[in-house]
Amino acid sequence: MGEVLAWLLFFFILIALLVMIVFQLMCLADLEFDYINPYDSASRINKVVLPEFITQGVLCFLFLVTGHWFMSLLCVPYLYYNVRLYLQRQHLVDVTEIFNLLNWEKKERLFKLGYIILLLFMCLFWMIYNALEDEEHSF
């Protein structure tokens, strides 16, 4: 039962990451279609960048602590990319350069979205597998 609860926690953390990335993509799409000004878009995106990085780091750490080595190894490239962006001070969206980098920012977030969806499906698979395995052992 503990494994199922751990996978459920991982699942909800991945859903939270998914929501943060989709929010950033929506802000960029609003900016592209001129529904929002660059300052508001950049400030909204910058408010969720650091929580996204922290949440992803916590997820990788939880995978490591609970002994799910393969999932932890899958999280490492994404974590490395986020740490590299943070250390180079490139993690925030610049208001003055947002239109020049709009396509790059969208591609970056779409790649992150695909990566998180892959992790989400793997997490869902392992959660269902462990739930069925626990049910099998209870009989």
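Basis of the calculations
Along each chain, the written sequence defines residue order, and numbers are assigned to residues from 1. Under the rules for a predicted model, residues below a pLDDT of 70 receive no local features and side-chain atom pairs below 80 are neither given nor counted, while totals for whole chains, interfaces and linings still include all residues. To get the side-chain values, all heavy atoms of the structure are used, and hydrogens and water are removed first. Remark: nonpolar core denotes a set of buried residues (Ala, Val, Leu, Ile, Met, Phe, Trp, Tyr, Cys) joined through side-chain atoms within 4.5 Å. Relative accessibility decides the category of a residue: with a 1.4 Å probe and only protein chains considered, values under 20% of the type maximum give buried, values over 50% give exposed, and everything between is partly exposed. Helical segments are the DSSP runs of H or I of at least four residues, strand segments are the runs of E of at least two, and each set is numbered from the N terminus. We call two residues in contact when some of their heavy atoms are within 4.5 Å. Put plainly, a pocket is an open set of points on a 1 Å grid over the protein atoms alone with protein on both sides within 12 Å along at least five of seven lines, a cavity is a set where a 1.4 Å probe fits but cannot get out, and a lining residue has an atom within 4 Å of a point. Grid points are joined across faces, edges and corners, and a volume is the space filled by probe spheres set on the points. Side-chain classes are defined by residue name, with Ala, Val, Leu, Ile, Met, Phe, Trp, Tyr, Cys and Pro counting as nonpolar, Asp, Glu, Lys and Arg as charged, and the others, Gly among them, as polar. The working definition used for a salt bridge is a side-chain nitrogen of Lys or Arg within 4 Å of a carboxyl oxygen of Asp or Glu. How sure the predictor is of each residue is captured by pLDDT, a score from 0 to 100.

1. Some points on the nonpolar core
Piece 1. Grouped together as the largest cluster of nonpolar side chains are 23 residues, with contacts concentrated most on L14, L59 and I116.
Piece 2. For this core, the secondary structure elements donating two or more residues are α1 (2-32), α2 (38-65), α3 (69-87) and α4 (102-138).
Piece 3. A per-element tally of this core places α1 first, with 10 residues.
Piece 4. Aside from chain neighbours lying at most four places away, what touches I116 is L14, L17, L18, I21 and Y78.
Piece 5. In this structure, C27, L28, I36 and I98 belong to the second largest nonpolar core, which totals 12 residues.

2. A look at the layout of surface pockets
Piece 1. As a volume, the largest pocket reaches approximately 220 Å³.
Piece 2. L85, Q90, L92, E105 and E108 are the residues nearest the centre of the largest pocket, which is lined by 20 residues in total.
Piece 3. Contributions of two or more residues to the lining of the largest pocket are made by α2, α3 and α4.
Piece 4. When residues of the lining of the largest pocket are assigned to their parent elements, the largest contribution, 5 residues, is made by α4.
Piece 5. Here the residues of the lining of the largest pocket sort into 9 nonpolar, 3 polar and 8 charged.

3. Some details on the pattern of salt bridges
Piece 1. Throughout the structure, instances matching the rule amount to 4 salt bridges.
Piece 2. Its salt-bridge partner being K112, residue E52 comes within 3.2 Å of it at the nearest N-O pair. Residue E52 is located in helix α2, and its partner K112 is located in helix α4; the two are separated by 60 residues in the primary sequence. The burial state of E52 is the same as that of K112; both residues are buried.

4. Quick look at the confidence of the model for the chain
If pLDDT is low for a region, its predicted coordinates should not be looked at in detail.
Piece 1. For the chain, the average pLDDT comes to 94, and 99% of its residues sit at 70 or higher.
Piece 2. The least confident element of the chain is α4, whose mean pLDDT is 92; the most confident is α2, at 96.

5. What to know about unusual backbone geometry
Piece 1. Backbone geometry places D34, a non-glycine residue, at a positive phi of 65°.
Piece 2. Along the chain, the position of D34 falls in the loop between α1 and α2.
Piece 3. One non-glycine residue, R89, adopts positive backbone phi at about 60°.
Piece 4. Mapped onto the fold, R89 is located in the loop between α3 and α4.

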